[in-house]
Amino acid sequence: MNLNKTFITLLRNCGILGFALTCDTVLHAQEPSPKPDTPSANASPEDVEFFEAEVLPLLQKKCYSCHSHDAGKSKGGLVVDSQTGLLTGGESGAAIDPGKADSSLLIRAIRWDDNEVSPMPPEEQLSAAEVEIFTRWINRGAVDSRQPTAAIAPMQEIQEQAKTHWSFQPLQKPAVPAANQVTKSNNALDRFIGEKLAAQQLLFAPQADAATLIRRAYFDLVGLPPSVDDVKRFEKAFDENPEKAMQELVDQLLESPQYGERWARHWMDVARYSDVSGGLRNQGRDDRLPFAFTYRDYLIRAFNSDKPYNRFVMEQIAADQLSLDDKRDLAATGFLAIGSVAGTEEERIAERIDTVMQTFQGLTVGCARCHDHKFDPIPTEDYYALRGVIASTTELGTGPRAERVDHELCPIIEECSDPELRKAYEEDVAKAEKELRDYEDKVWLPKEEKWRKETPQYLDVLAMTQKERGGLSATDYARSRLDRSVLGAWSQLLQRAGRRFDPILEPWIAFSRLPAERFEEQFQRTLGKLNDGAKQPNAELLKTIVDSQPKSMRDVAKVYSDYFAKADAAWQAELSKETDKTPKELSDPTLEAFRKILYQPGMPPARAENKVRDAFGNNDRKRSDLVKKLQDAKFHHPGAPIRALSVADSDTIADSPVFVRGEPDQATKERVPRRFVAILAGAQPQPFKNGSGRLDWAEAMVDPSNPLTARVIVNRVWQYHFGKPLVGSTGDFGLQTPQPVQAPLLDWLAVTFMEDGWSIKQLHRRIMLSQVWQQSSTEHPTFATAMDKDPENTLLWRQNVRRMEFEPLRDSILAVTGNLDKTIAGRSVPLYSDANVNRRTVYALVDRTNIPTVMSTFDVPNPNLTQGERFVSTVSPQALFLMNNSFVLNNVRKLARSEEFKSLPEDSSRIQWLYRRILQRDASSHETELLSRLLPVPKNEPAVIDPREAELAAQIQAADEAYQANPDNKAAKRRLEQLRKAEKALLVAKERKQKQAKERARGVSEPADGWEKIIQTILMSNEFVYVL
Amino acid sequence: MQPTQHQGRVLRDTKLCNSQMTLASRRDFLTRSGLGIGGLSLAYLLQSPSQLLAGDHPLAPKAAHFTPKAKRVIHVFLSGGPSHLDLFDPKPELVKHDGKPHEEMRGVLFGSPFKFKPYGDSGLELSELWERTSVHADDLCVIRSMKTDVPAHQAASRMLATGHSQLSRPSYGSWITYGLGSEADDLPAFVVLGRGGQGQLSSSSFLPPVYQGTTLNVDRGDVMADLRNPMISAPDQKHQLDVLASLNQEFLKKAPHEAELEARIQSFELAYQMQSAAPEAFDLDSESAETLKMYDLEDSLSRSMLAARRLLQRGVRVVQVFDGGWDHHQGLETRMRAKAGSLDRGLAALLHDLKANGMLEDTLVIVAGEFGRTPVRQAGSVGEGMGRDHNHRGFSVMLAGGGIRGGYAHGSTDDFGRSAVDREVHVHDLHATMLHLLGFDHQKLTYHFSGRDYRLTDIHGRLVKEILA
């Protein structure tokens, strides 16, 4: 069953269990024990200490960049990241001779005084103290405590091995084995499985019964249980003609719209689906992905329409470059855009490359970002060939830097069809925009005006501090008491002008470079240079400066300030003129140039997003709320147009350099052409031609000669029909993954899959109409023997017992309690936080930054990373969910209180009804009896009466008799009246108590009645959650 | 590739022999060992007993690489970045130059308003804010040369909790539980108390979800989600589960070979027990009057510390206690006094308590925030309102118990306490050292994911031997 797979994965992944060996340890286990003459064999703690504290940091800092595996460099053939590397040495021989520093090549090199040896490190000589450390270390025996790094096969060797690795072999359709004593089936799958079984003298399990088969089929294809009528009908048809009945059942389920929902969810594990982009860079910003659902809905449509898988791959990588029948399919590239934006830009790019390659090719290319892949034939260049593609692609509307993520960049794929909703949407947006603008203006406009008026002060501060050209120091800011971001903007403007000629600012730049104490002395020379330059500064301005006879930069600043004031005054005058049209500019070109600096967006005192943010700070709750309100209106409103979460080619498309050790500041000069990975592209990989190259990339993957694409997907599909895949690691078909036992079957399926037009639905049919899929999971003619020979069921001598994942479990509860809302597609719903949401689980709003506990409790994979397999754990919190969670309790109660249920006679026939409804079968008498125990025992004893009440009643009766016997007896009459009064008082008190009890009970959940307990018990049962 | 194929074979063989144990033999084992289900440690049964008996249950207690000094961890996470200059790192030069501008740091120097003095036989220097905790000075180790990568709360907190400032990576609590399994009877193995530790800071990321941290609630309402059914009384629920067990036994006849079906039956029994065990662990009133007096039960941090001790006592592997409010940009003196007052009382009580229960020697106590603070005043803060800004270049953490060298201060920052200068310890190094104390070589505690072996320390980390006892 699943569990086995889980623990195999665990074992494989465990580096901690004694028997689960990492590659390193395996290697060492094969090697003989360390040679006795290695210097570290009997190292003293002091020597180890010295090595680690003094020598190792030096090696790392000064030598590793050219001589280590991590850097991917071994200049002169030498690596120094292990003792072996040093002892073996490079082209010139051993680098060290333990005990003999003077004759060690390393020492001779770092001393820089030996003509026979190249001086090292070549750029900068080590200090005498550093040389001394190495000398002392070698003389003391060169103790080296580093873990010997696993011998990493150089890339060439790996590439050589890859030539014979099973998954890289061209796909060929293997001959179908002959029928044998194990199977007479005509189905090829059964022949392949049967051949392996026969070899082990094992048999198939018998075919499962009809009820089991239909439940299994429903679980596999739609993730919901059949109704009891479905089961009855199928049993009948199955009796008549099992083959035909199965065919019809599978066809019917494949046509059901719930099929797409079930299979989209499988794909969403791999596609790391989330409705929040997540990541630190979006901290404090709105990082929701309001249109993530368009990708999910694309998946549902794709599965339902049996989109050929090759097309499915193409669309997810490059839908924007294909002609689409349905505009909504643009959202297919959400596959790329939906990934996390956590981490640096390079980490985002790496995530995209890795996810694409793991998903479609079963290759872990991400490893090659910092060095050649250590196990697979993926040299670093391959990674950077693909990096060029992703770096030339823009994820629309998920941009990490903007305060407000602008989803308007995402193309509209569907307008809201309800005109009233649309109107409401437009009104809401206008209102939210105005509210925000008004609020900002209140704070903002006075500031802007103030900053403009303060221009002379800003210029004055800049005139005092700008001479160093490095911009402003903190003290400058502190001294100025001016606005930090505005001052920064002025400073940046001037720095920019220093790099790019500006006729107005050029004189400022030139004069500000003069040292303050020699300003007057050098003024004329600078003036001359300005006049003789290739580009002419503004003549009028320059003349005014000269005429003012400035003695310092501050005097120059005054001239500028005057111009700014003049320009501003002229502009205000222009604005106050009463004309029809708003003025566009000033007629005086010099003044207009100054005005622009004051008013144009992006200029120092003008509005800019970062200045607005600074002006309000991050703590302005009111404004954050208004920003969020605007985003809500624009993108989350039910009347808002629906946009595709998608990608497009960037404006600039470029090949990527290689970043040495993955560090962007260590880019090589040469760039790697955008192309596919060499192992799959052949000896001479062709550069990608179309735009960013995504289309070429996708085409390369779906090329029929690609050996991986079909193998990877049929393996994934297989896993969801048997609980475990044929190849254990669905995302890693590399050299670390040995050839699967069922390799011929995998190849046959892959080739046939392509012949079937890459049809996933046809693949389901092939699998589900086979003997191997239909066999029993629980019965077998020689169960014990088979268990003994193949406990993991690798050979598939039976079907596996599987436990429903969280999604079908939750959906099934909704379905059998009659509460499932079968609406297909649409915006995500917060069903993890709202126990009353009745949509299928595939529509859950998933926040990858805040994963609900129930997801991890039920092994739903973490949506930050692509995950092709699910763990299966059985833990008590899962039981607690079914015992106590309000989702379960609410739905149980709804069923118990439904008209349908209440109309049933209140006896054990209700249990029958529930069994048919929930488990699609009749309850046995034993089961009925067991569950009946949860019903309250019928009460036959007389109602409990307050003893005082009884006593009083007796007294009244006696008094009444006495009175009747002697109606003239006044005492008897009085006594009777008194007693009657007491009776009345008692009644009033009783009623008051009952009322109080009722009030107390209000606010407390009404206790579950017996029927609710029965329903819940059936939902908790193993039979409900396991699929046989 | 020879080694890879070899590895594959080894794994295949191993997994075959490890799953040989059929249901019958597991039952047999239980009977022969003379242990009813109840006789075994609940931890063994908590999740999936049958798998566990095969030795490969993900939460089964596991052996470390070598004998661990510490068996469990409590980390008081001072969230916000506590000022090392006012708690741990005495800077007389800074006090001397108080009020003077500092060009490079762009601000005015701010000497600590708190006095430092040596405590205990060791003479470990601590600030006066540690009035009660200083009694334990000879058990305490302060690393004064810590550094981290980024001076932003979220990034630095993730670095401290997961070893990576941005990407989704497993938290150290998940790594430790993955490495050592659980000894908790009927409680989660990795518990988070207080606000702010949810999400990425206690995430299992790519490790199996079973290693995720569980947030328990000390303060009010339910201890954890789904622990109580408001619609059914405990005896009634027990009765209901008995009926369920009988139904499941019936169904088991259909699939007698499925160990997992039995495991799931068991999980309901344990779930039922958990409903009382978890609140019991939080029933602080059941502590002795003496203990209760030591902690300040009015104070939420103190309550968390006491609850943490009770959890550790019950076999919980890792407890993270989150304490927010250490981000003192303004009003540092007053606010530190209040914050440290509550921390000091809680921590002193915890240390005393752990000692009294004989647990300090194998419990690693960590008091650390995500970074420290600047020696200069927060720009714009004056007088009583003076505070400090974030500082990732140099800060301090305090450790005790579980194989830690007591009465020792490691490394140092520069004269003003801005940057670590001597024997710098990066957060990765702290992680490496924590794993060492728990019995792991940080380079070998790995998990294969996405084509490579991942570690808590990734490609970094160095064992800080000097702080080991």
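A quick note: this is a predicted structure, and the numbers were derived from the prediction, not measured.

**Observations concerning the overall build of chain A**
When its secondary structure is counted, chain A shows 46 helices and ten strands. Put simply, chain A has 1028 residues, and 55% of those count as buried. Nonlocal contacts in chain A, meaning residues at least 24 apart in sequence, comprise 68% of its contacts between residues at least 6 apart. As displayed, chain A has an accessible area near 46,400 Å², and 50% of this comes from carbon and sulfur atoms.

**Observations concerning the overall build of chain B**
Scanning chain B for helices and strands turns up 14 helices and 19 strands. Counting all 469 residues of chain B, 62% fall into the buried class. Roughly 16,800 Å² of accessible area belongs to chain B as shown, and the carbon and sulfur atoms make up 50% of that amount.

**Here's the deal with unusual backbone geometry**
It is generally the case that most residues other than glycine have a negative phi and that most peptide bonds are trans. All names here are of chain A. Following Met120, the chain continues to Pro121 via a peptide bond in cis, the omega torsion being -15 degrees. Note that Pro121 resides in the loop between α5 (105-110) and α6 (128-139). Here Trp112, not a glycine, exhibits a phi torsion of approximately 60 degrees, which is positive. By secondary structure assignment, the location of Trp112 is in the loop between α5 and α6. At Ala825, a residue that is not glycine, the phi angle is positive and equals roughly 65 degrees. Mapped onto the elements, Ala825 comes out in the loop between α36 (806-816) and α37 (853-857). Among the residues examined, Ala825 registers a relative accessible area of 27% and is labelled partly exposed.

**Re helix α16 (residues 345-361) of chain A**
Residues and elements named next belong to chain A. Here α16 contains 17 residues, and its C-alpha end-to-end distance of 24 Å stays within 8% of the 24 Å for a straight helix at 1.5 Å per residue. Across the 17 residues that make up α16, a large majority, 16, are buried. Gly362 occupies a position one or two residues after α16 and carries a positive phi of about 60 degrees.

**Things to note about the packing of helix α9 (residues 210-221) of chain A against helix α12 (residues 257-270) of chain A**
All names here are of chain A. Put simply, α9 and α12 touch, their axes get as near as 8 Å, and they point 65 degrees apart. Across the interface between the two elements, Phe219, Asp220 and Leu221 of α9 pack against Gln258, Tyr259, Arg262 and Trp263 of α12. Looking at side-chain class alone, the contact of α9 with α12 contains four nonpolar, one polar and two charged residues.

**Some points on the packing of aromatic side chains**
The description of an aromatic ring pair rests on the distance of the ring centres and on the angle between the ring planes. What the rule picks out here adds up to 50 aromatic pairs over all chains. Seen from their ring centres, Phe134(A) and Trp137(A) are 6.5 Å apart, and the 65 degrees between their planes marks the pair as edge-to-face. Taken together, the positions of Phe134(A) and Trp137(A), both in helix α6 and three residues apart, correspond to about one turn of that helix. Aromatic side chains Phe234(A) and Phe238(A) sit 5.5 Å apart centroid to centroid with 40 degrees between the ring planes, which places their arrangement in the tilted category. Taken together, the positions of Phe234(A) and Phe238(A), both in helix α10 (residues 228-240) and four residues apart, correspond to about one turn of that helix. As far as burial versus exposure is concerned, Phe234(A) and Phe238(A) are alike and both buried. A cation over an aromatic ring shows up here: Arg839(A) above the ring of Tyr843(A), its NZ or CZ 4.3 Å from the ring centre. One cation-aromatic arrangement involves Lys238(B) over Tyr272(B); the distance from NZ or CZ to the ring centre is 5.5 Å.

**Things to note about the pairing of strand β6 (residues 140-147) of chain B**
Residue and element names in this part refer to chain B. Extensive coverage of β6 is indicated by the burial of seven of its eight residues. Where β6 meets strand β13 (residues 395-401), five bridges bridge the pair, whose relative direction is antiparallel. Residue pairing in the sheet places Cys141 in a bridge with Leu399 of β13. Pairing of β6 with strand β14 (residues 408-410), which is carried by three bridges, proceeds in the parallel orientation. Counted as the bridge partner of Val142 is Ala409 from β14. Two elements, β6 and strand β17 (residues 425-426), share two bridges in a ladder whose sense is parallel. The partner of Lys147 across the bridge, within β17, is His426.

**As for the confidence of the model for chain B**
Residues and elements named next belong to chain B. Chain-level pLDDT for chain B is 84 on average; 87% of the residues reach the 70-or-more range. No element of chain B has a lower mean pLDDT than helix α1 (residues 2-18), which averages 27, and none a higher one than strand β10 (residues 363-369), which averages 98. Here residues 1-55 is modelled with pLDDT under 50, and outside its nearest four sequence neighbours on either side it reaches 98 contacts, counting other chains as well. At the level of chain-chain contacts, confidence expressed as ipTM amounts to 0.74, with global pTM at 0.75.

**Some details on the nonpolar core**
In terms of nonpolar packing, the biggest core is built from 254 residues, with Trp267(A), Tyr309(A), Trp697(A), Leu193(B), Leu311(B), Leu343(B) and Leu347(B) touching the most fellow members. Of all the elements, helix α13 (residues 332-356) of chain B adds the most residues to this core, at nine residues. Two domains each provide a minimum of three residues to this core, namely domain 1 (5-49 + 232-265) and domain 2 (72-222 + 269-467) of chain B. With near-sequence residues (within four places) excluded, Leu193(B) lies in contact with Leu216(B), Val218(B), Phe282(B), Ser304(B), Ala307(B), Ala308(B), Leu311(B), Val319(B), Gln320(B), Val321(B) and Phe322(B).

**Here we look at the packing of helix α3 (residues 45-63) of chain A against α6(A)**
The description of two packed helices rests on the angle between their axes and on the distance between the axes. All names here are of chain A. In the contact formed by α3 and α6, the axes pass within 10 Å of each other and the chain directions differ by 125 degrees. Relative to α6, α3 is oriented oblique. Once α3 is placed against α6, the crossing between them reads as left-handed. Counting all contacts with α3, which are made through Phe50, Phe51, Glu54, Val55, Leu58, Leu59 and Lys62, the residues of α6 involved are Glu130, Ile133, Phe134, Arg136 and Trp137. Class assignment of the residues belonging to the contact of α3 with α6 gives a composition of eight nonpolar, no polar and four charged.

**Details of α36(A)**
All names here are of chain A. Within α36, ten of the eleven residues are buried, which leaves it mostly tucked inside the rest of the structure. For α36, the set of buried residues is Phe806, Glu807, Pro808, Leu809, Arg810, Asp811, Ser812, Ile813, Leu814 and Val816. Once α36 ends, the next one or two residues include Gly818, with phi positive near 75 degrees.

Each value, and the rule that gives it
- Chains are numbered independently. Their residues run from 1 in the order of the written sequence.
- Here every chain gets a letter starting at A, and every ligand a number starting at 1, in the order they are written.
- Per-residue local features are limited, in this predicted model, to residues with pLDDT of at least 70; the limit for side-chain atom pairs, both in listing and counting, is 80 or more; totals at the level of whole chains, interfaces and linings are taken over all residues.
- Think of the side-chain values as coming from all heavy atoms in the structure, minus any hydrogens and water.
- Runs of E in the DSSP output that reach at least two residues are strands. Runs of H or I that reach at least four are helices, and both are numbered from the N terminus.
- The rule is simple: take the accessible area with a 1.4 Å probe, protein chains only, and divide by the maximum for that residue type; under 20% is buried, over 50% is exposed, in between is partly exposed.
- Pairs of residues are marked as contacts when any of their non-hydrogen atoms sit within 4.5 Å.
- Per-residue accessibility takes into account occlusion by the displayed protein chains alone, with areas from the Shrake-Rupley method and a 1.4 Å probe.
- For a helix, the expected span equals 1.5 Å multiplied by the number of residues minus one.
- Simply put, an axis is a line fit to the C-alpha atoms, just over the touching stretch for a helix, and the angle between two N-to-C directions goes from 0 to 180 degrees.
- Put simply, Ala, Val, Leu, Ile, Met, Phe, Trp, Tyr, Cys and Pro go in the nonpolar bin, Asp, Glu, Lys and Arg in the charged bin, and everything else, Gly too, in the polar bin.
- The aromatic pairing rule takes the rings of Phe, Tyr and Trp, using the six-membered ring of Trp, and pairs them if the centres are within 6.5 Å, calling planes under 30 degrees apart stacked, those over 60 edge-to-face and the rest tilted.
- Two conditions define a charge sitting above a ring: the NZ of Lys or the CZ of Arg must be within 6 Å of the ring centre, and it must be within 35 degrees of the ring normal.
- The criterion for strand pairing is that DSSP finds at least two bridges linking the strands in question.
- Here pLDDT means the predictor's own confidence in every residue, given as a number from 0 to 100.
- By convention a nonpolar core is built from buried Ala, Val, Leu, Ile, Met, Phe, Trp, Tyr and Cys residues, the set being connected through side-chain atoms within 4.5 Å.
- Here the bounds of each domain stem from an automatic or database domain assignment.
- Angular relationships are summarised with four words: roughly parallel below 35 degrees, roughly antiparallel beyond 145, roughly perpendicular across 65 to 115, and oblique for the angles in between.
- By convention, the crossing between two helices is left-handed when the near helix turns anticlockwise from the far helix through less than a right angle, and right-handed when the turn is clockwise.

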